[in-house]
Amino acid sequence: MTLNNDCITDKTILIPNGFTLDGKRHTITAVDPLGGHFVGAVVKNQGTVAHVTGLKIATSGLANVCDAGNDRLRGIMFEGASGSIMHNTILSLNQAASGCQEGNAIEVRNAPFDGTHPGTLSVEIGHNKVSNYQKTGILANGDVNVDIHHNDVGSTATPQLAANSVQIGFGATGIIQNNKIDGNQWCGASDTVATAVLIFDADNSVIRKNHIGGNSDIGIYAYADNLTITGNNVFDSATIADCNQFDYDIGIGNYGNNNSITKNTVSGFDTPFDGDVGEKNKVKEEKEKTQKIMD
């Protein structure tokens, strides 16, 4: 499948089994249909293998309506499929100032989501540029193994929810390496956090050689076991005031077991490391914190 010009769509574009959608650097813009609102992914696999390359995706004027399940807003969605998502640009994937728990720029998922692996699928996610998403920049959940590399993932412009730039969770596993990732803040009233990298029940994953900047409540949130977190540069911007009223300002948080955390450099956080991270990491001179903005 080849996109020959920019276009708009008010419903999901399906990729036939085994096909590659080549965007040729053109843009698909998702808009609301007449008398309704856009639901689901902008592009999605139809079978068990798919590839997407060279595609730009944007949204325009989507209604702020919360959906669940398959109707949640996504940009590029692989469900129950192996393949690759390479050299794409997500310009915007959001419902403007929305608190809906949806709006994932790139998402891959495969049941079950309980940590068992009856039929693990592999997806390569590389050299993508992601910005202005709503909930998550790159997300992998369930029985999938992902190689997330050389992506540029910005922070979200939405302060209405706790966003995560890159997440592996709910039984998934994989490698997050050589990415440029900006972190997020949560300024709301509930005791929760936003992150740059969230590893949640994704045992045996590897996070290495990433450049993590911006302003994060937690730079790398490691809630899993047998992780390898090494060679990452995690810093908090000195030019942005913190707004999390629960004082989360942590570089790397280790909340799992048997995790190897070595050769990381952390700077600018009130708490460079939380949990047991050993002594094989470096803390640079911390910034002078600006006055916190309190709700």
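Residues numbered from 1 in each chain as written. Predicted model: local features only at pLDDT ≥ 70, side-chain atom pairs only at ≥ 80, totals over all residues. Heavy atoms only, no water.

Here we look at the overall build of the chain
Phase 1: A count of helical and extended segments in the chain gives 0 helices and 30 strands.
Phase 2: The principal-axis extent of the C-alpha atoms belonging to the chain is close to 50 × 40 × 30 Å.
Phase 3: Considering the chain as a whole, with its 295 residues, one finds that 53% of them fall into the buried category.
Phase 4: A separation of at least 24 residues holds for 69% of the contacts in the chain among residues at least 6 apart in sequence. (Helix = DSSP H or I, 4+ residues; strand = E, 2+ residues; numbered from the N terminus. Buried < 20%, exposed > 50% of the residue type's maximum accessible area, 1.4 Å probe, protein only. Contact = heavy atoms within 4.5 Å.)

Overview of the side chain of Ser98
Phase 1: As for its placement among the helices and strands, Ser98 is situated in the loop between strand E10 (89-90) and strand E11 (104-110).
Phase 2: A polar atom in the side chain of Ser98 sits 2.7 Å from the side chain of Asn64. (Polar contact = N/O pair within 3.5 Å; in protein donor to acceptor, adjacent residues only side chain to side chain.)

Here's the deal with the packing of aromatic side chains
Phase 1: Tallied over the full model, the rule gives 3 aromatic pairs.
Phase 2: On the basis of an interplanar angle of 15 degrees and a centroid distance of 5.1 Å, the ring pair of Phe200 and Tyr223 is categorised as stacked. Within this pair, whereas Phe200 is found in strand E20 (residues 195-200), its partner Tyr223 is found in strand E23 (residues 218-223), the two being separated by 23 residues in sequence.
Phase 3: Since its relative accessible area comes to 37%, Tyr223 is described here as partly exposed.
Phase 4: Ring geometry for Tyr221 and Tyr255: centres 5.1 Å apart, planes at 55 degrees, overall tilted. (Phe/Tyr/Trp six-rings, centres within 6.5 Å; stacked < 30°, edge-to-face > 60°.)

Observations regarding the sheet that holds strand E1 (residues 7-9)
Remark on secondary structure: sheet strands pair via backbone hydrogen bonds, oriented parallel or antiparallel.
Phase 1: Read from one edge of the open sheet, 11 strands run E1-E4-E7-E10-E13-E16-E19-E22-E25-E28-E30, paired in parallel fashion. Every interior strand has two partners, whereas the edge strands, E1 and strand E30 (282-283), have only one.
Phase 2: For strand E7 (residues 56-59) and E10, the ladder comprises 2 bridges, and the chain directions are parallel. The partner of Ile57 across the bridge, within E10, is Ile90. (Pairing = 2+ DSSP bridges.)

Digging into the confidence of the model for the chain
Predicted coordinates in regions of low pLDDT should not be interpreted in detail.
Phase 1: Per-residue confidence for the chain averages 92 on the pLDDT scale, and 94% of its residues sit at or above 70.
Phase 2: Predicted confidence for residues 286-295 stays below pLDDT 50, and this span has 30 contacts to residues more than four positions away or in other chains. (pLDDT = per-residue confidence, 0-100.)

Quick notes on the pattern of salt bridges
Opposite charge on two side chains permits pairing when their charged atoms draw close.
Phase 1: Summed over all chains, the structure comprises 6 salt bridges.
Phase 2: Arg109 is the partner of Glu107 in a salt bridge, and the nearest nitrogen-oxygen pair spans 3.1 Å.
Phase 3: We classify Glu107 as buried; its relative accessible area is 1%.
Phase 4: Through salt bridges that share partners, Lys44, Arg74, Glu79, Glu107 and Arg109 make up one connected network. (Salt bridge = Lys/Arg side-chain N within 4 Å of Asp/Glu carboxyl O.)

Observations concerning the pairing of strand E18 (residues 173-177)
Phase 1: Taken across its 5 residues, E18 has 4 buried, putting it largely inside the fold.
Phase 2: Summarising the sheet, strand E15 (residues 144-149) and E18 pair through 5 bridges and their orientation is parallel. Each residue of the ladder has a partner; that of His149, found in E18, is Gln177.
Phase 3: Of the strand pairs in this sheet, E18 and strand E21 (residues 206-208) are connected by 3 bridges, and their pairing is parallel. Within the sheet, the bridge partner assigned to Ile175 lies in E21 and is Val206.

Some remarks on the sheet that holds strand E3 (residues 20-22)
Phase 1: Across the sheet, 9 strands lie side by side as E3-E6-E9-E12-E15-E18-E21-E24-E27; this open sheet has parallel pairing. Each end of this open sheet is capped by a strand with a single partner; those strands are E3 and strand E27 (260-262). Looking at each pair of strands side by side, their axes are set apart by 5 degrees on average, direction ignored. (Axes fitted to C-alpha atoms, helices over the stretch in contact; angles between N-to-C directions.)

Some remarks on unusual backbone geometry
Leaving glycine aside, a negative phi is the common case for residues, and trans is the common case for peptide bonds.
Phase 1: Cis geometry marks the peptide bond from Ala111 to Pro112; its omega dihedral reads 0 degrees.
Phase 2: Structurally, Pro112 can be placed in the loop between E11 and strand E12 (121-126).
Phase 3: At Phe170, a residue that is not glycine, the phi angle is positive and equals roughly 55 degrees.
Phase 4: Of note, Phe170 is situated in the loop between strand E17 (164-169) and E18.
Phase 5: Unusually for a residue other than glycine, Lys209 sits at a positive phi of about 55 degrees.
Phase 6: Structurally, the position occupied by Lys209 is in the loop between E21 and strand E22 (211-214).

Considering the environment of Glu107
Phase 1: Take Glu107: it is sitting in strand E11.
Phase 2: A C-alpha to C-alpha distance of 5.0 Å links Glu107 and Met77, two positions 30 residues apart in sequence.
Phase 3: Setting aside residues no more than four positions away along its own chain, Glu107 makes contact with Arg74, Ile76, Met77, Phe78 and Leu139.
Phase 4: Of note is the side chain of Glu107, whose polar atom sits 2.8 Å from the side chain of Asn104.

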